[in-house]
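# Per-entry structural report
Listed here are the chains, written in short residue letters.
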Amino acid sequence: MGKFKNIVILTGAGISAESGLATFRAANGLWNNHKVEDVATIEAFQRNPAYVHEFYNDLKKEVLAAKPNAAHQAITRLQKEYPAEVSVITQNVDLLHEKAGNQNVYHIHGQINQAVCLNCGQILETSGDVDTETVCPHCGIGGMMKPNIVFFGENLLYMDKVDELLRRCDLFLSVGTSGVVFPAAAFVQTAKYYGAATYEFNLEATSNNFYFDQHIMGPAGTTLPAFVDEMIKDIKNAD
Ligand code: APR
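Rules used in this analysis
Residues numbered from 1 in each chain as written. Predicted model: local features only at pLDDT ≥ 70, side-chain atom pairs only at ≥ 80, totals over all residues. Heavy atoms only, no water. Pairing = 2+ DSSP bridges. Helix = DSSP H or I, 4+ residues; strand = E, 2+ residues; numbered from the N terminus. Axes fitted to C-alpha atoms, helices over the stretch in contact; angles between N-to-C directions. Phe/Tyr/Trp six-rings, centres within 6.5 Å; stacked < 30°, edge-to-face > 60°. Buried < 20%, exposed > 50% of the residue type's maximum accessible area, 1.4 Å probe, protein only. Lys NZ or Arg CZ within 6 Å of the ring centre and 35° of its normal.

### Structural notes on the sheet that holds strand E9 (residues 214-217)
- With parallel pairing, 6 strands are arranged side by side in an open sheet as E3-E2-E1-E7-E8-E9. The open sheet has two edge strands, strand E3 (105-107) and E9, and neither has a second partner. Sheet twist, expressed as the average angle between the axes of neighbouring strands with direction ignored, equals 20°.
- With 5 bridges connecting them, strand E7 (residues 171-175) and strand E8 (residues 197-202) associate as parallel partners. Bridge pairing in E8 places Phe-172 opposite Thr-198.

Right, here's the structure in full:
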């Protein structure tokens, strides 16, 4: 395995599955118990903000109680022991990357512990409930807080940074994502176009099959630590 300088790790709900958090499209996934059009679109929020707040308040309690697993911890080990810039682009709104000590984490779909004021744009960090009565601490207006989650149809966050990272990465790892939601599902194409080696870590082959040089099947809590250990061993042997 070569010596890489700029590593990008794209993660999805699958990396948090072994921490006990539901994914979206599995049989018992979030989108099997709630319709996307009822809780994850700006129209849903305009139609019934109380219901959308309730969904994310309930999800927040579960997410904030979860603990990172060996896959998250392997990324911290890679960032500490492998001489490269390692960035994490996550579709997840949980904080398990941060709890595991990962650095350079970009939440392109937002974060469950944040709300944004639609009146003044201020982002509020909050581990508690947010609802239609919540007053913005910055502008003092009530009833204008929205979960800082990127709804379908809204622009993703950090996209300029993502573009820069994908153009200069020489190793792209996709971990625990079904590769069906764009533009994140196309990140591997950009990375590959600019010359990166591309690996997919999943329980099964995904629709993005073609763009990956290698598919590492199995639970990320097992496969990613083994992959990272191998990378670190190679570097130590090369020295
Ligand atoms: N290890 C590795 N992969 C796993 C594991 C595991 N332990 N458990 C599940 N997976 C894989 C599944 O095989 C699936 O391919 O994780 C993927 C999860 O896919 P989704 O449920 O579609 O989640 P994700 O890809 O993150 O969804 C992307 O869709 O609805 C939006 O905003 C939401 O960020 C989300 C986006």
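Structure's up, so let's keep going.
### Things to note about the packing of aromatic side chains
- Counted according to the given criterion, the structure contains 11 aromatic pairs.
- Consider the rings of Phe-45 and Phe-151, whose centres lie 6.1 Å apart with planes at 45°: the pair is tilted. Of this pair, Phe-45 sits in helix H3 (residues 42-47) while Phe-151 is found in the loop between strand E6 (145-149) and helix H7 (159-168), placing the two residues 106 residues apart along the sequence.
- Relative accessible area serves as the criterion here: at 1%, Phe-151 is assigned to the buried category.
- Ring geometry for Phe-201 against Phe-227: centres 5.1 Å apart, planes inclined by 85°, an arrangement best described as edge-to-face. In this pair, Phe-201 is assigned in strand E8 and Phe-227 in helix H9 (residues 220-238), connecting sequence segments 26 residues apart.
- On the accessibility criterion, Phe-227 (7% relative accessible area) is buried.
- Ring-pair connections join several aromatic residues into one group, and the members of that group are Phe-24, Trp-31, Phe-45, Phe-55, Tyr-56 and Phe-151.
- For Lys-146, the ring lying beneath its charged end belongs to Phe-151, and the centroid distance is 4.4 Å.

Read these as spatial facts, not as claims about activity.
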